[in-house]
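Spelled out, the chains give:
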Amino acid sequence: NRIIFQKELMKQDWTHIKRRDIILKRELGEGAFGKVFLAECYNLSPTKDKMLVAVKTLKDPNLSARKDFQREAELLTNLQHDHIVKFYGVCVDGDPLIMVFEYMKHGDLNKFLRAHGPDAMILVDGQPLQSNGELGLSQMLHIATQIASGMVYLASQHFVHRDLATRNCLVGNGLLVKIGDFGMSRDIYSSDYYRVGGHTMLPIRWMPPESIMYRKFSTESDVWSFGVILWEIFTYGKQPWFQLGNNEVIECITQGRVLERPRICPKEVYDIMLGCWQREPQQRLNIKDIQKVLFAMGKATPVYLDILG
Ligand code: AMP
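These numbers were taken from a predicted model, which means no experiment stands behind them.

**Comments concerning the overall build of the protein chain**
Here is step 1: Along the backbone of the protein chain there are 10 helices and 11 strands.
Here is step 2: For the protein chain, the accessible area works out to roughly 15800 Å², and carbon and sulfur atoms hold 51% of it.

**What to know about the UniProt feature "active site" (unreviewed entry) in the protein chain**
Here is step 1: Sequence positions flagged by UniProt for "active site" (unreviewed entry) are, in local numbering, D163.
Here is step 2: In this structure, D163 sits in the loop between helix 4 (137-156) and strand 8 (169-171).
Here is step 3: Here D163 falls in the buried class, since its relative accessible area comes to 4%.

**Topic: the confidence of the model for the protein chain**
Here is step 1: Counting all residues, the mean pLDDT for the protein chain is 86, and 84% of those residues have values of 70 or more.
Here is step 2: Within the protein chain, the lowest mean pLDDT, 41, falls on helix 10 (residues 302-308), and the highest, 98, falls on helix 8 (residues 267-276).
Here is step 3: Residue range residues 184-188 is modelled with pLDDT below 50. Its contacts to residues more than four positions away, or to other chains, number 17 contacts.
Here is step 4: Note that residues 303-309 has pLDDT below 50 and, in this model, 13 contacts with residues that lie over four places away or in other chains.

**A closer look at the packing of aromatic side chains**
Here is step 1: What the rule picks out here adds up to one aromatic pair.
Here is step 2: On the numbers, 5.4 Å between centres and 50° between planes, the contact of F87 with F101 is tilted. In this pair, F87 sits in strand 4 (residues 87-91) while F101 sits in strand 5 (residues 97-102), placing the two residues 14 residues apart along the sequence.
Here is step 3: Judged by relative accessible area, F101 falls into the buried class, the value being 5%.
Here is step 4: Sitting over the ring of W206, R167 keeps its end group 4.2 Å from the ring centre.

**Comments concerning helix 7 (residues 246-255)**
Here is step 1: Within helix 7, the full set of buried residues consists of V249, C252 and I253. Projected onto a plane normal to the axis of helix 7, the buried residues spread over an arc of 90° and lie on a single side. The exposed residues of helix 7 that point more than 90 degrees off its buried face are N247 and Q255.
Here is step 2: Where helix 7 is buried, its residues contact helix 5 (209-214) and helix 6 (219-234).
Here is step 3: Positioned one or two residues after helix 7, G256 has a phi angle of 100°, which is positive.

**Some remarks on the pattern of salt bridges**
Here is step 1: Considering all chains together, one arrives at seven salt bridges under this definition.
Here is step 2: Its salt-bridge partner being K35, residue E27 comes within 3.5 Å of it at the nearest N-O pair.
Here is step 3: Among the residues examined, E27 registers a relative accessible area of 39% and is labelled partly exposed.
Here is step 4: Each of K25, E40 and K50 takes part in a single network of salt bridges with overlapping partners.

**Here's the deal with unusual backbone geometry**
Here is step 1: One non-glycine residue with positive phi stands out, namely R215, at about 55°.
Here is step 2: Relative to the helices and strands, R215 resides in the loop between helix 5 and helix 6.
Here is step 3: The exposure class of R215 is partly exposed, given its relative accessible area of 43%.
Here is step 4: Notably, Y236 is not glycine yet its phi reads approximately 55°, a positive angle.

**Examining the nonpolar core**
Here is step 1: Counting 73 residues, the largest nonpolar core has I147, F226 and F234 as its most contacted members.
Here is step 2: Counting 12 residues, the second largest nonpolar core, distinct from the first, contains M51, V53, V55 and C91.

**Details of the packing of helix 4 against helix 6**
Here is step 1: Where helix 4 contacts helix 6, the two axes come as close as 10 Å, and the packing angle between them is 165°. The pairing of helix 4 with helix 6 is recorded here as roughly antiparallel in orientation. Helix 4 and helix 6 meet at a crossing whose hand is right-handed. The residues of helix 6 that touch helix 4, namely those facing L137, M140, L141, I143, A144, I147, A148, M151 and A155, are T219, D222, V223, F226, I229, L230, I233 and F234.
Here is step 2: Partitioning the contact of helix 4 with helix 6 into residue classes produces 15 nonpolar, one polar and one charged.

**Considering the pairing of strand 5**
Here is step 1: Extensive coverage of strand 5 is indicated by the burial of six of its six residues.
Here is step 2: In the sheet, strand 3 (residues 50-58) pairs with strand 5 via six bridges, with the strands oriented antiparallel. Note that in strand 5 the partner of T57 across the bridge is I98.
Here is step 3: What sits between strand 4 and strand 5 in their antiparallel hairpin is a turn of five residues, with G94 showing a positive phi close to 95°.

**Observations concerning the pairing of strand 2 (residues 35-42)**
Here is step 1: Summarising burial for strand 2: six of the eight residues are buried, a large majority.
Here is step 2: Two strands pair when backbone bridges link them, and strand 1 (residues 22-30) and strand 2 are joined in this way by seven bridges, in the antiparallel orientation. Across the sheet, the residue bridging to I23 is E40, located in strand 2.
Here is step 3: Bridge analysis of strand 2 against strand 3 gives seven bridges, and the strand direction is antiparallel. Along strand 3, the bridge assignment pairs E40 with L52.

Reading the values: the criteria
- Residues numbered from 1 in each chain as written.
- Predicted model: local features only at pLDDT ≥ 70, side-chain atom pairs only at ≥ 80, totals over all residues.
- Heavy atoms only, no water.
- Helix = DSSP H or I, 4+ residues; strand = E, 2+ residues; numbered from the N terminus.
- Areas by Shrake-Rupley, 256 points an atom, 1.4 Å probe, with all protein chains shown as cover.
- UniProt positions renumbered as here; feature names shortened; annotations may be inferred.
- Buried < 20%, exposed > 50% of the residue type's maximum accessible area, 1.4 Å probe, protein only.
- pLDDT = per-residue confidence, 0-100.
- Contact = heavy atoms within 4.5 Å.
- Phe/Tyr/Trp six-rings, centres within 6.5 Å; stacked < 30°, edge-to-face > 60°.
- Lys NZ or Arg CZ within 6 Å of the ring centre and 35° of its normal.
- Arc of directions from axis to C-beta.
- Salt bridge = Lys/Arg side-chain N within 4 Å of Asp/Glu carboxyl O.
- Core = buried A, V, L, I, M, F, W, Y, C linked by side-chain atoms within 4.5 Å.
- Axes fitted to C-alpha atoms, helices over the stretch in contact; angles between N-to-C directions.
- Parallel < 35°, antiparallel > 145°, perpendicular 65-115°, else oblique.
- Left-handed = near helix turned anticlockwise from the far one by under 90°.
- Nonpolar A, V, L, I, M, F, W, Y, C, P; charged D, E, K, R; others polar.
- Pairing = 2+ DSSP bridges.

Below, the structure is given as structure tokens:
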């Protein structure tokens, strides 16, 4: 079975990267399927002989995990946009299976927000030394606008993500933000997911009532999640409904309660959140309009930005 599957993988028209061209440097994190490493990759760039990449490994996969791996790789090959993490290819000659991505220097957006919030301090020998520098309003809008751009693209491809959250976005140089995970991130943030019998894990805190009640996912349910992403950004990465347990969260959302306005969030931005959290999917804002409004706010006069920046 495995050999047949290996042949299936090889047959596909993806960029195949040779194992000897990948030199692992250090571990970056751990996903549900295996570890993520920083690596050097040779013969990838036409201009440089080697470049830094992030590789996701899939160790000792069973058949169903291999199939998930194949599906994610196919899907990633077809998704290409400035605000979707770049996928370079796979390495399937032997174990572990590897996916190669562009390296995003500052890691996931949730960690980044926490590191640039009011509680973040750089500790030296356990002593606070200095703050990392808090994000200001214009930077928050810039982050949100980029995620919205990536989502406009996903919607244009009729692609429903189902798991949009800051933990699944990545941050690169110069506050560049990309949507960076398509279904392999369920482990380290496991408290963000709710197990609903068997193996299904659901990110209920990011889900609208119709997804929680009827498992209905759509471009409109992704817009709801984007509203929650905005809330995460303006709280420097707090967990939505952090004060509640999973069953209480389900009750709360299905009854129609919504998250409160974060302390530093301007009314105009909270209005966008409320537009994402309309109970009727058809009543929600569309992502194109959200992207435009956020972009315009970001471009607005520096005086305006300085009020809360
Ligand atoms: P994931 O399995 O995608 O959730 O990845 C686990 C962790 O590895 C993430 O939370 C990131 O901190 C890190 N990571 C994943 N992909 C990248 C990447 N392309 N560049 C840098 N760090 C990454």
